[in-house]
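# What the coordinates show
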Amino acid sequence: MANVTLGGTPVETIGQLPAVGSKAPDFKLTATDLTDKTNADYKETRLVLNIFPSVDTGTCAQSIRTFNEKASQLSNTKVLCISKDLPFAMARFCGAEGIENVESLSDYKTGLFGKDYGLAFTTGAFETLLSRCIVVIDTDGTILHTEQVSEIADEPNYEAAIESLA
């Protein structure tokens with residue numbers, strides 16, 4: 001399990017992020033139109049997984065805005081913004097903000113993504129939500145970069161994620 005903090009208070013996750021160089025675990029998430037999305041839907045496309053607790057917090061919302069801006073500059077790359085928020089909340093936020101360059105996906109149905117990627121909280125006020133993480137995956141499914149933000153309120157290192165695609 002990983003140890004991170006929420007407002008300085010230690011909290012734990014269910015496991016560890018997959019290792020750089022390993023194959024990314026399969027996933028099945030729900031899009032804003034309520035369709036299922038899996039790894040197979042992004043075959044031969046590089047992925048930046050922007051994972052966070054909830055779009056209804058300032059840092060999470062900012063990560064979506066920042067990746068939305070950066071995504072338009074990335075070739076053969078999709079940015080997937082993943083939380084356990086209901087797809088309706090994600091669609092509402094993205095519509096109101098004019099977010100068009102990233103895809104929003106939810107782990108609300110099963111929670112398996114958070115478990116399989118080792119990043120669901122097991123303690124604290126955000127128990128069962130997803131820890132703030134970045135996972136970058138190459139076209140063949142190999143993990144190129146990971147970051148689990150040590151303090152949940154902090155933003156991820158956007159530049160390190162983008163640089164891992166070079």
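The structure presented is a predicted model; accordingly, all values stated were derived computationally and were not measured.

Here the focus is the overall build of the protein chain. The number of helices and strands found in the protein chain is four helices and nine strands. Taken from the N to the C terminus, the helices and strands of the protein chain come in the order β-β-β-β-β-α-β-α-β-α-β-β-α. Radius of gyration (C-alpha) of the protein chain: 14 Å, near the 15 Å computed for a compact globule of 166 residues. Over its C-alpha atoms, taken along the principal directions, the protein chain stretches across nearly 40 × 35 × 30 Å. Scored against the burial criterion, the 166 residues of the protein chain give a buried share of 50%. In the protein chain, once contacts between residues fewer than 6 apart in sequence are set aside, the share between residues at least 24 apart is 67%. Surface exposure of the protein chain reaches about 7,600 Å², of which carbon and sulfur atoms provide 48%.

Moving on: the environment of Thr 13. Topologically, Thr 13 is positioned in the loop between strand 2 (9-12) and strand 3 (28-31). Sequence separation between Thr 13 and Ser 72 is 59 residues; the distance between their C-alpha atoms is 32 Å. Among residues more than four places away in sequence, those in contact with Thr 13 are Met 1, Ala 2, Gly 118, Leu 119, Ala 120, Phe 121, Thr 122, Ser 131 and Gln 148. A polar contact is formed between the side chain of Thr 13 and the backbone nitrogen of Ala 2, at a distance of 3.0 Å.

Now for the pairing of strand 1 (residues 3-6). Bridging between strand 1 and strand 2 involves four bridges; their strand directions are antiparallel. Note that in strand 2 the partner of Leu 6 across the bridge is Thr 9. Joining the antiparallel neighbours strand 1 and strand 2 is a turn of two residues, in which Gly 7 adopts a positive phi near 60°.

Criteria and thresholds
Residues numbered from 1 in each chain as written. Predicted model: local features only at pLDDT ≥ 70, side-chain atom pairs only at ≥ 80, totals over all residues. Heavy atoms only, no water. Helix = DSSP H or I, 4+ residues; strand = E, 2+ residues; numbered from the N terminus. Rg over C-alpha atoms; globule rule 2.2 N^0.38 Å. Buried < 20%, exposed > 50% of the residue type's maximum accessible area, 1.4 Å probe, protein only. Contact = heavy atoms within 4.5 Å. Areas by Shrake-Rupley, 256 points an atom, 1.4 Å probe, with all protein chains shown as cover. Polar contact = N/O pair within 3.5 Å; in protein donor to acceptor, adjacent residues only side chain to side chain. Pairing = 2+ DSSP bridges.

Any functional reading would require information beyond the geometric quantities listed.
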